[in-house]
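These are the residues of each chain, in order.
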Amino acid sequence: MNPTRLLAATAAAGAAVLVLSGCVAKTDAASAGALTVTSTADGCDVSAATATSGTLAFDVVNKGDQVTEFYLLASDGLRIVGEVENVAPGASRSLTVTAQPGDYFTLCKPGMVGDGVGKAGFTVTGDAVAIDGADAEQKQQAIDLYAAFVKDQVGQLLPAVQTFAGVYESGDDAAARDQYPRVRAYYERIEPIAEALGDLDPRIDYREVDAAAEGLSWTGFHRIEKDLWVPAQDALNADGETPAWKDWAPSTPDERATYGQTLIKDTQELYDYVHSDAFEQALTDQGVAGISNGAIALLDEVATGKISGEEDWWSHTDLYDFAANVEGSKMAFSLVRDFAESKGDKGASLVTRIDTGYADLEAALAKYGSADAGFVPYTQLTDEDKRQLTDLINALAEPLSQLTSTVLE
């Protein structure tokens, strides 16, 4: 985490190719008819696996014993196209979305935390639906979809942090090392949200050199990281100057318990915030400019911390963070993409350049692994590898920097 990042940009989330845009399709689009969804403790049964493009209605019935949610996800399994939440046991609610042709997933989430259950493929066929809704309505849908994704990512982050903290506190370092970069991905996709909350991001994600520079107590992921990858006695911190063991020693069991529980507490605070009226109001106040600025800010995260290898200095798991930041940036862009593209030839050209930039960067990153299969340690990258990634980041950053002004024209 770099303290110079754009703290005011409050938007971003996980990876996606835009399937349902942030815009509202024609109100006279043909309805595909209602689909029924039955949510149980371990299932999410949808009455059909295909539908025709246009307005889709999902009638969700909760036959489980916990409050549940239903999601329609884009083809990457991350992007939320639509969701209905807070469906009480025995109750029914409906979700109505406007879907373009493409591949999706359906998913239910009993308890409204964790990965969910019953994930299944869902296909929308037919013709693309023209977009001509009122501008204000289009923008509000983009904001609502972004809010839904942030809630989903934090909803998965919280139980993942609880599990991670538990194995760390117990001394099962092998399990904690395996979980560390994967748990962080949820946070990295939505990091600007925490950054906007004063000292919450420093508590969760500051590196040691940043905390020391600002006179802050050092807690969070990177404090735990150093315990899990204990540095050599002659190692230096990320500033290249401070001895790694200066004012530091591996945590005692009691200290591990404190750091683990503090991380859970801070993550709970983030969870509570994104489920509050204040979060919804903050998004509304910032509008689509907040989303487009978030796309820019998350790419800045890559450029200022991950590409240098300074973020995960001891674990060398920077490429996981790199990928999650790019996913978050791309997600934010996808929600405002149509607004930019609607601005004539200039907007269309800008969108093409940004699309190409993301595709080229993702292809280069894929040479080093994936979030599912694992990435190689950052120390395995050569100087030429890093130069190539830097060039691709810069190539994307240039058109992306024009996104907000184009969207607001």
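Look above for the structure.
This structure is a prediction, so every number in the text was calculated from the model and none was measured.

Conventions and cut-offs
Residues numbered from 1 in each chain as written. Predicted model: local features only at pLDDT ≥ 70, side-chain atom pairs only at ≥ 80, totals over all residues. Heavy atoms only, no water. Helix = DSSP H or I, 4+ residues; strand = E, 2+ residues; numbered from the N terminus. Rg over C-alpha atoms; globule rule 2.2 N^0.38 Å. Buried < 20%, exposed > 50% of the residue type's maximum accessible area, 1.4 Å probe, protein only. Salt bridge = Lys/Arg side-chain N within 4 Å of Asp/Glu carboxyl O. Core = buried A, V, L, I, M, F, W, Y, C linked by side-chain atoms within 4.5 Å. Contact = heavy atoms within 4.5 Å. Axes fitted to C-alpha atoms, helices over the stretch in contact; angles between N-to-C directions. Parallel < 35°, antiparallel > 145°, perpendicular 65-115°, else oblique. Left-handed = near helix turned anticlockwise from the far one by under 90°. Polar contact = N/O pair within 3.5 Å; in protein donor to acceptor, adjacent residues only side chain to side chain. Pairing = 2+ DSSP bridges. Phe/Tyr/Trp six-rings, centres within 6.5 Å; stacked < 30°, edge-to-face > 60°.

Draft legend 1. Spotlight on the overall build of the protein chain. Regarding its fold elements, the protein chain presents 12 helices and 11 strands. Taking 22 Å as the expected radius of gyration for a compact globule of 409 residues, we find that the protein chain reaches 22 Å, a close match to that expectation. If you line up the protein chain on its principal axes, its C-alpha atoms span 70 × 55 × 35 Å. Within the protein chain, the proportion of its 409 residues that are buried is 54%.

Draft legend 2. Structural view of the pattern of salt bridges. Going through the model one piece at a time under the given rule, you end up with 25 salt bridges. For Arg 203, the salt bridge identified is with Glu 269, shortest N-O distance 3.2 Å. Linking Arg 203 in helix H4 (residues 200-205) with Glu 269 in helix H7 (residues 253-274), this pair joins segments that are 66 residues apart in sequence. For Glu 208, the salt bridge goes to Lys 226, with nearest N and O atoms at 2.7 Å. Remark: Lys 226 occurs in helix H6 (residues 221-228) and Glu 208 occurs in helix H5 (residues 208-213); sequence separation between them is 18 residues.

Draft legend 3. Structural view of the nonpolar core. Counting residues in hydrophobic clusters, the biggest one holds 85 residues, and the most contacted among them are Phe 164, Ile 193, Leu 270, Phe 322, Leu 361 and Leu 403. Counting residues per element, this core draws most heavily on helix H1 (residues 135-170), which supplies 17 residues. Apart from residues no more than four positions distant in its own chain, Leu 270 is found in contact with Val 154, Leu 157, Tyr 187, Ile 190, Ile 193, Ala 194, Leu 197 and Leu 200. In terms of nonpolar packing, the next biggest core, distinct from the first, is built from 20 residues, Ala 51, Leu 72, Leu 95 and Tyr 104 among them.

Draft legend 4. Region of interest: the environment of Leu 389. When you line up the elements, Leu 389 lands in helix H11 (residues 383-400). Using a relative accessible area of 0% as the deciding quantity, one classes Leu 389 as buried. Distance in space between the C-alpha atoms of Leu 389 and Asp 360 is 9.6 Å, their sequence separation being 29 residues. Dropping the residues within four chain positions of it, Leu 389 is found in contact with Ile 307, Phe 322, Leu 361, Ala 364, Leu 365, Tyr 368 and Leu 381.

Draft legend 5. View of the packing of helix H8 (residues 277-306) against helix H9 (residues 318-341). At their nearest, the axes of H8 and H9 sit 8 Å apart, and the two run at 155 degrees to each other. Judged by the angle between their axes, H8 and H9 are roughly antiparallel. For the element pair H8 and H9, the recorded crossing hand is left-handed. Along the contact surface, H8 presents Val 288, Ile 291, Ser 292, Gly 294, Ala 295, Leu 298, Leu 299, Glu 301, Val 302 and Lys 306, while H9 presents Asp 318, Asp 321, Phe 322, Asn 325, Val 326, Gly 328, Ser 329, Ala 332, Phe 333, Leu 335, Val 336 and Phe 339.

Draft legend 6. Quick look at the side chain of Arg 189. Along the chain, Arg 189 falls in helix H2 (residues 173-189). Using a relative accessible area of 8% as the deciding quantity, one classes Arg 189 as buried. A polar contact is formed between the side chain of Arg 189 and the side chain of Gln 153, at a distance of 2.9 Å.

Draft legend 7. Local environment of the sheet that holds strand E8 (residues 102-108). Across the sheet, which stays open at both edges, the 5 strands sit in the order E3-E9-E8-E5-E6 with mixed pairing between neighbours. Strand pairing shows two members of the sheet lacking a second neighbour, strand E3 (50-52) and strand E6 (80-87), which therefore form its edges. Across the sheet, the mean angle from the axis of one strand to that of its neighbour is 20 degrees, orientation sign disregarded. Of the strand pairs in this sheet, strand E5 (residues 68-73) and E8 are connected by 4 bridges, and their pairing is antiparallel. Residue Phe 70 lies in a different strand from E8, and its bridge partner there is Cys 108. Across the face of the sheet, H1 comes into contact with E5 and E6 while running at roughly 65 degrees to E6.

Draft legend 8. Here's a closer look at the pairing of E5. Counting buried positions along E5 yields 6 of 6 residues, so the element is predominantly enclosed. What you see with E5 is no split at all: Thr 68, Phe 70 and Leu 72 on one side and Glu 69, Tyr 71 and Leu 73 on the other are buried throughout. Relative to E6, E5 is paired through 5 bridges, and the arrangement is antiparallel. Bridge pairing in E6 links Leu 73 to Ile 80. Hairpin remark: E5 followed by E6, antiparallel, with 6 residues in the connecting loop; positive phi at Gly 77, about 80 degrees.

Draft legend 9. Examining the pairing of E8 more closely. Sheet topology places E8 next to strand E9 (residues 117-125); 6 bridges connect them, and they run antiparallel. The residue of E9 that forms the bridge with Thr 106 is Ala 120.

Draft legend 10. View of the packing of aromatic side chains. Overall, the coordinates contain 12 aromatic pairs when judged by the stated rule. Their ring planes at 65 degrees and their centres at 5.4 Å tell us that Tyr 180 and Trp 229 sit as a pair that is edge-to-face. Placement of the pair is Tyr 180 in helix H2 and Trp 229 in the loop between H6 and H7, with a sequence separation of 49 residues. Residue Tyr 180 is classed as buried on the basis of its relative accessible area, which comes to 0%. Taken together through their ring pairs, the aromatic side chains of Phe 164, Tyr 180, Tyr 187, Phe 221 and Trp 229 make up a single cluster.

Draft legend 11. Summary view of the environment of Asp 103. By secondary structure assignment, the location of Asp 103 is in strand E8. Between the alpha carbons of Asp 103 and Arg 182 there is a distance of 25 Å; along the sequence they are 79 residues apart. Here Asp 103 is in contact with Ala 74, Ser 75, Phe 122 and Thr 123, once residues within four sequence places are set aside.

Draft legend 12. Region of interest: the environment of Thr 163. For Thr 163, the position within the fold is in helix H1. Sequence spacing of Thr 163 and Pro 89 is 74 residues, and the spatial spacing of their C-alpha atoms is 27 Å.

Remember that the coordinates give geometry; whether it matters functionally is a separate question.
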